[in-house]
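Below, each chain spelled out in residue letters.
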Amino acid sequence: MDSKLTLKLDKSVIEQAKQYAKEQQISLSRLIENYLASLTQKDKSNKKEIEISPFVKSIATGVSLPNDFNYKEEIADYLLEKYK
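Please read these numbers as outputs of a predicted model, since none were measured by experiment. (Residues numbered from 1 in each chain as written. Predicted model: local features only at pLDDT ≥ 70, side-chain atom pairs only at ≥ 80, totals over all residues. Heavy atoms only, no water.)

Which parts of the structure should I look at to understand the pattern of salt bridges?
Between side chains of opposite charge, pairing is possible as soon as their charged atoms come close. One pass over the full model with this rule turns up two salt bridges. In this structure, Glu33 engages Arg30 in a salt bridge whose closest nitrogen and oxygen atoms are separated by 2.5 Å. Pair noted here: Glu33 and Arg30 are both in helix α2 (residues 28-40), with a separation of three residues, about one helical turn. By relative accessible area, Glu33 is classed as partly exposed at 40%. Note that Lys84 is salt-bridged to Glu81, the shortest N-O span being 3.4 Å. On the basis of relative accessibility, which here comes to 79%, the residue Lys84 falls in the exposed class. (Salt bridge = Lys/Arg side-chain N within 4 Å of Asp/Glu carboxyl O. Helix = DSSP H or I, 4+ residues; strand = E, 2+ residues; numbered from the N terminus. Buried < 20%, exposed > 50% of the residue type's maximum accessible area, 1.4 Å probe, protein only.)

Whenever I open this one, a nonpolar patch on the surface confuses me. Can you help?
A surface patch of nonpolar side chains, about 780 Å² in accessible area, is lined by Leu65, Phe69, Tyr71, Ile75, Tyr78, Leu79 and Tyr83. Along the chain, Phe69 falls in the loop between α3 (54-61) and α4 (71-82). The class of Phe69 is partly exposed, set by a relative accessible area of 35%. (Patch = residues over 30% accessible without salt bridge, like charges linked within 9 Å, V, L, I, M, F, W, Y side chains within 5 Å. Areas by Shrake-Rupley, 256 points an atom, 1.4 Å probe, with all protein chains shown as cover.)

In short, shape yes, function no, at least from these values alone.
In structure tokens:
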């Protein structure tokens, strides 16, 4: 039986999660349900640590950029190098 759950999350985390879910062709609700299920499942025959995906780690730790980071300049540099 499905139940509704309301969560308060950082807006950028929500947007990243939506994009990831879209790329994986899965709903955000199903993505979160699967993640929570993987955290709470108890396998008595196998007591390994749960491996956290790189995407989840990136949400948890975030990315630090310098205050003077110019993303437009970085994109321009990348495109110039790509199309040489």
